[in-house]
Amino acid sequence: EVQLVESGGGLVQPGGSLRLSCAASGFTFSSHVMSWVRQAPGKGLEWVSGINSRGGTRYADSVKGRFTISRDNAKNTLYLQMNSLKPEDTAAYYCAAKRSGWVVTGTRPNDYDYWGQGTQVTVSS
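Residues numbered from 1 in each chain as written. Predicted model: local features only at pLDDT ≥ 70, side-chain atom pairs only at ≥ 80, totals over all residues. Heavy atoms only, no water.

Asks: Quick question: what am I supposed to make of the pattern of salt bridges here?
Replies: If charged atoms from side chains of opposite charge come close, those side chains can pair. Summed over all chains, the structure comprises six salt bridges. A salt bridge links arginine 38 to glutamate 46; its shortest N-O distance comes to 2.7 Å. With a relative accessible area of 5%, arginine 38 lands in the buried category. Owing to a relative accessible area of 30%, glutamate 46 belongs among the partly exposed residues under this scheme. Residue aspartate 61 pairs with lysine 64 through a salt bridge whose shortest N-O separation is 3.2 Å. For the pair aspartate 61 and lysine 64, a shared accessibility class is recorded, and that class is exposed. Overlapping salt bridges, with partners in common, bring together Arg38, Glu46, Arg66 and Asp89 in one network. (Salt bridge = Lys/Arg side-chain N within 4 Å of Asp/Glu carboxyl O. Buried < 20%, exposed > 50% of the residue type's maximum accessible area, 1.4 Å probe, protein only.)

Here you go:
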């Protein structure tokens, strides 16, 4: 059974940091491009960041310089280090996987092979 399980979300003050994790199982993690996608309350899905199997990364302009995506293929785990958090970063954060050689920047369900259930991040004072 394929599983993507996100963790690490929570309530944080503006300017604070959080580290999200996404534990993968049931598929060959190292062969898949991984992405973080978020959905703010009342808004559509927004692609945040992606990483290919070799560690190449891309970021949305809204998070560039503040967020860092990484992966540990030995642990089948994806990470998102989020620093200098802003209230507009409040959203449910999802990890998603696609068997591909290129970082995927889409947000449609069929853009990825697998999706996690999400973890909530709330940035508020």
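Asks: Honestly, the environment of glutamine 117 in this entry has me stumped. Any pointers?
Replies: Following the sequence through the fold, glutamine 117 ends up in the loop between strand 10 (114-115) and strand 11 (119-123). For glutamine 117, a relative accessible area of 70% corresponds to the exposed category. Residues glutamine 117 and glutamate 6, spaced 111 residues apart in sequence, show a C-alpha to C-alpha distance of 7.0 Å. Here glutamine 117 is in contact with Leu4, Glu6 and Tyr94, once residues within four sequence places are set aside. (Helix = DSSP H or I, 4+ residues; strand = E, 2+ residues; numbered from the N terminus. Contact = heavy atoms within 4.5 Å.)

Asks: How should I be thinking about the pairing of strand 1 (residues 3-7) in this particular structure?
Replies: Consecutive side chains of a regular strand alternate in pointing toward one face of the sheet and then the other. Side chains Leu4 and Glu6 project from strand 1 onto a buried face, and the interleaved Gln3, Val5 and Ser7 project onto a face without burial. In the sheet, strand 1 pairs with strand 3 (residues 18-25) via five bridges, with the strands oriented antiparallel. Paired with glutamine 3 across the bridge in strand 3 is serine 25. (Pairing = 2+ DSSP bridges.)

Asks: Even after reading the chapter, I still don't get the side chain of threonine 77, so can you show me in this structure?
Replies: For threonine 77, the position within the fold is in strand 8 (residues 77-82). Separated by 2.8 Å, the side chain of threonine 77 and the backbone oxygen of lysine 75 make a polar contact. Those residues in contact with threonine 77 that lie beyond four places of it in its chain are Ser21, Cys22, Ala23, Phe29, Ser70, Arg71 and Asp72. (Polar contact = N/O pair within 3.5 Å; in protein donor to acceptor, adjacent residues only side chain to side chain.)

Asks: Quick question: what am I supposed to make of unusual backbone geometry here?
Replies: The phi angle of most residues is negative, glycine excepted, and most peptide bonds adopt the trans form. A positive phi is found at asparagine 76, a non-glycine position, where the angle reads about 55 degrees. Its relative accessible area of 28% is what places asparagine 76 among the partly exposed residues. Positive phi, close to 50 degrees, is recorded for serine 84, a residue that is not glycine. Tracing the backbone shows serine 84 in the loop between strand 8 and strand 9 (91-99).

Asks: Sorry, what's going on with the nonpolar core here?
Replies: When a protein is soluble and globular, its nonpolar side chains tend to lie buried together. Trp36, Leu78, Leu80, Met82 and Tyr93 are the most contacted members of the largest nonpolar core, which totals 35 residues. For this core, the elements supplying multiple residues, two or more each, are strand 3, strand 4 (32-39), strand 5 (45-51), strand 7 (67-72), strand 8, strand 9 and strand 11. (Core = buried A, V, L, I, M, F, W, Y, C linked by side-chain atoms within 4.5 Å.)

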